[in-house]
Amino acid sequence: MLSTMQDVPLTVTRILQHGMTIHGKSQITTWTGEAEPQRRTFAEVGERATRLANALRDELGIDGDQRVATLMWNNAEHVEAYFAIPSMGAVLHTLNLRLPAEQLVWIVNHAADRAVIVNGSLLPLLAPLLPHLPTIEHIVVSGPGDRGLLADTQARVYEYEELIAGRPTTYDWPELDERTAAAMCYTSGTTGDPKGVVYSHRSIYLHSMQVNMAESMGLSDSDTTLVVVPQFHVNAWGLPHATFMTGINMLMPDRFLQPAPLADMIEREKPSHAAAVPTIWQGLLAEVTANPRDLSSMKQVTIGGAACPPALMEAYDKLGVRLCHAWGMTETSPLGTMAHPPAGLSAEEEWPYRVTQGRFPAGVEARLVGPGGEILSWDGESAGELEVRGTWIAGAYYGGAGGEDFRPEDKFSEDGWLKTGDVGVISPDGFLTLTDRAKDVIKSGGEWISSVELENALMAHPEVAEAAVVAVPDDKWGERPLATVVLKEGSTADYETLRAFLAEKIAKWQLPERWAVIPAVPKTSVGKFDKKVIRRQYADGELDVTQL
Ligand code: ADP
């Protein structure tokens, strides 16, 4: 028997229409670096998105599922593109502005982007690539920057504000199939070539509802979220869509992502929530330690994208800011888990739950798979590769150029689950603890050493600013850990001291014998530790390694 319920498609268009009317007074505040930030209501952003859609169709001739790329910071115009492009049936392709040039070229060509909306400040990045981007016919420039850089391009160039000025404020939005493409994002390639993940209207809609649930970020129209996580990093973790559903105000840093302006923004605009990767919070902590600011408006901060060192959580607890750990990936939209402890626990009892990656929502099913392909039990001890499936989890990668989508064996199981490449355990009450990435784990004499555990233990030392541990080849054991450490200014800690500090928490056979002090841990395009680079530096003899 079929149900008697209506079958209304779940679309980004619906989120736009809802946000701009029901939550029309909610605001997007974009940092400008000047005395006053730019402020725009959801009603205004919705109207401008509608005018942008008209311009893209009537002036640029964007049609069907053509890809429109954005090369932009987090700002109101980028949110306008987020809604205009998918709502008209086209596909938003957010470009990661921190990728190396050749990867950006590869990605734009693979997606066959027809137009790009670019912030003026990013023209020095885009302009030299244009001769290699034959599919780009239109360039729309928004905000300050040197337009002269585009003098030689074959593509047509438009000013964003001129383009949308005077356009109709209504659009005959198409009836879209909720399963069609709305947006695409390439994995940032921490481990290998970029791969295109294509989100559907339906997956974005359902993911947004999850972001808004109390067990996830749980915000409302009395909240303001500081969206530090870039809009090119997995749709800013779904926040632009989720905020339009429930009227959460957004504070957008634009290009002012350094610790000092972030601290100023927080003190002045008093966001109640924020979202970013651990390196951002490390930098902000150093800034407010040196030049104190009031961060206490932030009731809750979502931290993820890489493991959050427990010492960082403790440091923010002392500032009255609670970091909530989350796990996810480009392929999971990205919300996978969030670490809200079970109800009714004391602060002390909550702690072991807070330092896990968290619990899965109903929309994400999880299993752990052992080395022999066996499904492991959730006993908090059996470690295996995490596999997930659900309505906002990728089932394939974009093939490009008319090709079939592809499902590499190392990424998808035969029965259709996503292989995350993350290794961990799940407790009987469903909390995930990741011990490592499959590619980062140190395989020493048939036993596994977690690089993350060593890093967390090192970063708990008061004189250590950052630490990254990688596997290096070892004649006797196969692999052994190499500890690379960034010391805080004025530190006098030596390797023996650090090793003795580790020995208080870590089994003796896991203690690194190779050590190197480095000026900074190399970071990926989205601010994660780039261990590939450290492994290469070691192999090339570029590190000054001491063996204890
Ligand atoms: P990339 O794979 O290129 O780094 P993603 O942003 O998709 O790009 O990264 C997803 C990966 O980031 C996960 O598979 C996991 O290894 C790591 N990650 C994300 N959140 C966490 C977390 N809270 N703890 C540990 N690792 C995390």
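Computed from a predicted structure; not experimentally measured.

Peer 1: Describe the overall build of the protein, with residues and values.
Peer 2: Assigned secondary structure in the protein consists of 16 helices and 26 strands. Here the C-alpha radius of gyration of the protein, 24 Å, is about what a compact globule of 548 residues would show, namely 24 Å. Taken along the three principal axes of its C-alpha coordinates, the protein extends 70 × 60 × 50 Å. Within the protein, the proportion of its 548 residues that are buried is 58%. Taking all contacts inside the protein whose residues are at least 6 apart in sequence as the whole, residues at least 24 apart take part in 66%.

Peer 1: Can you explain the pairing of strand β15 (residues 335–338)? Please cite residues and give values.
Peer 2: Summarising the sheet, strand β14 (residues 322–328) and β15 pair through three bridges and their orientation is antiparallel. Its bridge partner lying in β15, G328 is registered against L335. Counted along the chain from β14 to the antiparallel partner β15, the turn is six residues long, and its residue S333 has a positive phi close to 80°.

Peer 1: So what's going on with the packing of helix α7 (residues 201–212) against helix α9 (residues 239–246)? Residues and values would help.
Peer 2: Running from amino to carboxyl end, α7 crosses α9 at an angle of 70°, the nearest separation of the two axes being 8 Å. Comparing the axis directions of α7 and α9 gives the class roughly perpendicular. Within the contact between the two elements, α7 uses I204, Y205, S208, M209, V211 and N212 and α9 uses L239, H241, A242, M245 and T246. Here the residues of the contact of α7 with α9 are counted per class, giving seven nonpolar, four polar and no charged.

Peer 1: Before we move on, can you summarise unusual backbone geometry with the specific residues and values?
Peer 2: A cis amide bond links S333 with the next residue in sequence, P334, at an omega value of 10°. Even without glycine at this site, W237 takes up a positive phi of about 55°. Along the polypeptide, W237 turns up in helix α8 (residues 234–237). Overall, W237 belongs to the buried group, its relative accessible area being 7%. Even without being a glycine, K270 presents a positive backbone phi close to 50°.

Peer 1: Kindly report on the side chain of Q357, identifying the contributing residues and their values.
Peer 2: Its location among the elements puts Q357 in the loop between α13 (347–354) and β16 (358–359). When its relative accessible area of 6% is taken as the criterion, Q357 is described as buried. Reaching out from Q357, the side chain makes a polar contact with the backbone nitrogen of L434 at a distance of 2.9 Å. Not counting chain neighbours up to four residues away, the residues in contact with Q357 comprise A307, H325, A326, W327, T337, M338, A339, L432, T433 and L434.

Peer 1: Please set out the environment of G328 residue by residue, giving values where relevant.
Peer 2: Mapped onto the elements, G328 comes out in strand β14. Separated by 22 residues in the primary sequence, G328 and A306 place their C-alpha atoms 9.0 Å from one another. Those residues in contact with G328 that lie beyond four places of it in its chain are P334 and G336.

Peer 1: Mind laying out the side chain of D113, listing which residues take part and the relevant values?
Peer 2: Relative to the elements of secondary structure, D113 occurs in the loop between α4 (101–111) and β5 (115–119). Of the side chains with opposite charge, R67 comes closest to the buried, unpaired D113, at an N-O distance of 5.1 Å. Side-chain polar atoms of D113 contact the side chain of H93, separated by 2.9 Å. With sequence-adjacent residues up to four places away left out, D113 is seen in contact with R67, A69, H93, L95, V108, T135 and I136.

Peer 1: For the domain arrangement of the protein, give the residues involved together with the corresponding values.
Peer 2: Assigned domains within the protein: domain 1 (9–29 + 36–206) and domain 2 (440–547). Summarising the inter-unit geometry, the C-alpha centres of domain 1 and domain 2 are found 41 Å apart.

Peer 1: Let's hear about the packing of helix α3 (residues 76–87) against α9: which residues, and what values?
Peer 2: With their axes 10 Å apart at the nearest point, α3 and α9 run at an angle of 80° to one another. The orientation of α3 with respect to α9, classified from their angle, is roughly perpendicular. Taking contact as the criterion, the partners of V79, Y82 and F83 in α3 are, on α9, P240, H241 and F244.

Peer 1: How would you sum up the pattern of salt bridges? Please name residues and give values.
Peer 2: Side chains that differ in charge, positive against negative, can pair when their charged atoms come close. Inspection of the entire model under this criterion finds 33 salt bridges. With its nearest N and O atoms 3.9 Å apart, the salt bridge here joins D65 to R67. Overall, R67 belongs to the buried group, its relative accessible area being 16%. Measuring nitrogen to oxygen at the nearest pair gives 3.2 Å for the salt bridge that ties D223 to K299. Here the residue D223 occupies a position in the loop between α7 and β10 (224–227), and K299 occupies one in the loop between α11 (278–290) and β13 (300–304), the gap between them amounting to 76 residues. Here D223 falls in the buried class, since its relative accessible area comes to 6%. Several salt bridges converge on common partners, so that one network encompasses R40, R48, E77, E80 and E161.

Peer 1: For the packing of aromatic side chains, give the residues involved together with the corresponding values.
Peer 2: Per the stated rule, a full pass over the model turns up nine aromatic pairs. Here the aromatic rings of W281 and Y316 are separated by 6.0 Å at their centres, their planes lie at 85°, and the arrangement is edge-to-face. Of this pair, W281 sits in helix α11 while Y316 is found in helix α12 (residues 310–318), placing the two residues 35 residues apart along the sequence. As far as burial versus exposure is concerned, W281 and Y316 are alike and both buried. Ring geometry for Y397 against F406: centres 5.8 Å apart, planes inclined by 45°, an arrangement best described as tilted. Overall, Y397 belongs to the buried group, its relative accessible area being 1%. Members of the aromatic cluster, joined through ring pairs, are F42, F83 and F244. Taking NZ or CZ as reference, R57 lies 4.4 Å from the ring centre of Y171, over its face.

Peer 1: Break down the nonpolar core for me, citing the residues and quoting the values.
Peer 2: Core analysis: the biggest nonpolar cluster contains 81 residues, and I28, F83, I117, F244, F360, L386 and V388 have the highest contact counts within it. Non-local contacts of I28, meaning those with residues more than four positions away in its chain, are made with Q38, R39, R40, F42, V45, A76, V79, F244, M250 and M252. Residues V105, L123, L150 and F232 belong to the second largest nonpolar core, which totals 57 residues.

Peer 1: Pulling in residues and values, what's your account of the sheet that holds strand β8 (residues 181–186)?
Peer 2: Strand order in this open sheet of seven strands is β7-β6-β5-β3-β4-β8-β9, and the pairing throughout is mixed. Looking at the sheet topology across the chains shown, the edges are occupied by β7 (156–159) and β9 (196–200). Strand-to-strand twist of the sheet, defined as the mean angle between neighbouring strand axes without regard to direction, takes the value 20°. When β5 meets strand β6 (residues 138–142), the two strands line up parallel, connected through five bridges. Along β6, the bridge assignment pairs A115 with H138. Across the sheet, α3 touches β3 (67–71), β4 (91–94), β5, β6 and β8, and the angle it forms with β4 is around 145°.

Here is what the cut-offs are and how they apply
Residues numbered from 1 in each chain as written. Predicted model: local features only at pLDDT ≥ 70, side-chain atom pairs only at ≥ 80, totals over all residues. Heavy atoms only, no water. Helix = DSSP H or I, 4+ residues; strand = E, 2+ residues; numbered from the N terminus. Rg over C-alpha atoms; globule rule 2.2 N^0.38 Å. Buried < 20%, exposed > 50% of the residue type's maximum accessible area, 1.4 Å probe, protein only. Contact = heavy atoms within 4.5 Å. Pairing = 2+ DSSP bridges. Axes fitted to C-alpha atoms, helices over the stretch in contact; angles between N-to-C directions. Parallel < 35°, antiparallel > 145°, perpendicular 65-115°, else oblique. Nonpolar A, V, L, I, M, F, W, Y, C, P; charged D, E, K, R; others polar. Polar contact = N/O pair within 3.5 Å; in protein donor to acceptor, adjacent residues only side chain to side chain. Lys, Arg positive; Asp, Glu negative; His and termini not counted. Salt bridge = Lys/Arg side-chain N within 4 Å of Asp/Glu carboxyl O. Domains from an automatic or database assignment. Phe/Tyr/Trp six-rings, centres within 6.5 Å; stacked < 30°, edge-to-face > 60°. Lys NZ or Arg CZ within 6 Å of the ring centre and 35° of its normal. Core = buried A, V, L, I, M, F, W, Y, C linked by side-chain atoms within 4.5 Å.

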